[in-house]
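# Per-entry structural report
The chain contents come next:
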Amino acid sequence: MRLTTLCYIEKDDAYLMLHRIKKKDDLSKDMWIGVGGHFEEGESPDECLVREVKEETGLTLTSYRIRGIVTFLSDEAEGEYMFLYTADGFEGELADCDEGELCFVKKSDLSKLYFWTGDEIFLKLIRENHPVFDLKLEYSGKTLRRAVLDGKELELFDVLSDDFKETGIVRERSIVHEVGSWHKTSHVWIVRKTESGFDVLLQKRSSNKDSFPGCYDISSAGHIHAGDDFAESAVRELKEELGIEIECQELVQIGVHKGKTDTTFYGKPFLNHEYSNVYIYDGGNVHIKSLNLQIDEVESVMWLNYEEGTQKLFDGTIDNCVFRDEWDMIGEYLKCGYHKKTGRA
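Residues numbered from 1 in each chain as written. Predicted model: local features only at pLDDT ≥ 70, side-chain atom pairs only at ≥ 80, totals over all residues. Heavy atoms only, no water.

### What to know about the pairing of strand β5 (residues 60-74)
In regular strands, side chains alternate between the two faces of the sheet. Where β5 and strand β6 (residues 77-91) come together, twelve bridges link them in antiparallel fashion. Bridge assignment links serine 74 to a residue of β6, and that residue is alanine 77. Once β5 ends, the chain turns through two residues before running back antiparallel as β6. Of the pairings in the sheet, the one linking β5 to strand β8 (residues 133-140) comprises seven bridges and is parallel in character. Note that in β8 the partner of threonine 71 across the bridge is lysine 136. (Pairing = 2+ DSSP bridges. Helix = DSSP H or I, 4+ residues; strand = E, 2+ residues; numbered from the N terminus.)

Shown next, in the form of structure tokens:
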């Protein structure tokens, strides 16, 4: 494992970025990154930082601080322990760099650049003034496969194009919702036949959730982790959220939903653009008292008559985050397909 430094120099709400277009056989070819480089024998991280910045940019740092340590692992190169800095003071004039082109880029424009998707994670941590952090990033080629922040595994999602095709880009969950990337989710609606029609099981989201806290929602739903399958993820979420263990073949897919909600939670933008496989699960044997709720995700559950729900969910009586067109999709299925698919009388 090599020891390196990486620094983002700030001026006028912009970072000094290096567009790596000059070196041959460069793992970061054509990407935009900060400035820095490898330790020399006997150097401390600060000494390496100051020397590398001077060599690459011609600038002498006068004010800087360490923000975190990034463990960078790749199947195409030797790993690195990277000491990550920001700097807000410097002297001198910007010089030419033999590794690429240097320019200051507005922080608001960084998302338009081509760089390692893991960099999005630590740039967000820096922006939010996170305490000094330990971030581990594992790549297969240029694709991020794993990210661990301060010992905690982060969720990674496959990013979809505007026509819902996989792009090959993998992003961390909070970044997906910050920039509004289309991503995959699974939705499972648990229904049961009653004498008065059909009941639908709704879960009440925990009041600690990062989105729609305390709202009634789909019976069970979840994001699709990068590389995972819709049905397998649906089965996993059912077990984790409600303690219901089933096989994939017990789910009936009734359609696909494309949901888009742009709002704000806790003062931060929340752009939720999800492409969802919608499933029905026959809940004739599901009893609320026997469910094992995932407390940090689900506060409670309730059965709601479908026709009653059509009114109360959408007239403001019940605080919820259910899409009306998806609720209508359930109604069409209950009216036309439930008996045929489940075999129930």
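### Details of a nonpolar patch on the surface
A cluster of nonpolar side chains, Met1, Leu3, Ile66, Ile69, Tyr81 and Val132, forms an exposed patch at the surface whose accessible area comes to about 500 Å². Along the polypeptide, isoleucine 69 turns up in strand β5. (Patch = residues over 30% accessible without salt bridge, like charges linked within 9 Å, V, L, I, M, F, W, Y side chains within 5 Å. Areas by Shrake-Rupley, 256 points an atom, 1.4 Å probe, with all protein chains shown as cover. Salt bridge = Lys/Arg side-chain N within 4 Å of Asp/Glu carboxyl O.)

### So, the confidence of the model for the protein chain
For the protein chain, the average pLDDT comes to 94, and 97% of its residues sit at 70 or higher. Looking at the elements of the protein chain, mean pLDDT is at its lowest for helix α7 (residues 338-342), recorded as 53, and at its highest for strand β15 (residues 216-217), recorded as 98. (pLDDT = per-residue confidence, 0-100.)

### Points about the nonpolar core
One recurring pattern in soluble globular proteins: nonpolar side chains tend to sit buried together. Tyr8, Leu84, Ile121, Phe122, Leu135 and Leu137 are the most contacted members of the largest nonpolar core, which totals 30 residues. Where this core is concerned, the elements lending two or more residues are β1 (2-11), β2 (14-19), β3 (32-33), β5, β6, α2 (117-127), β8 and β9 (143-149). Ranked by the residues each element gives to this core, the list is headed by α2, at five residues. Other than its neighbours up to four places away in sequence, leucine 84 contacts Leu6, Tyr8, Arg65, Ile66, Arg67, Gly68, Val70, Phe122, Ile126 and Phe133. Of all hydrophobic cores here, the second largest spans 23 residues; its members include Ala231, Leu242, Val286 and Trp303. (Core = buried A, V, L, I, M, F, W, Y, C linked by side-chain atoms within 4.5 Å. Buried < 20%, exposed > 50% of the residue type's maximum accessible area, 1.4 Å probe, protein only. Contact = heavy atoms within 4.5 Å.)

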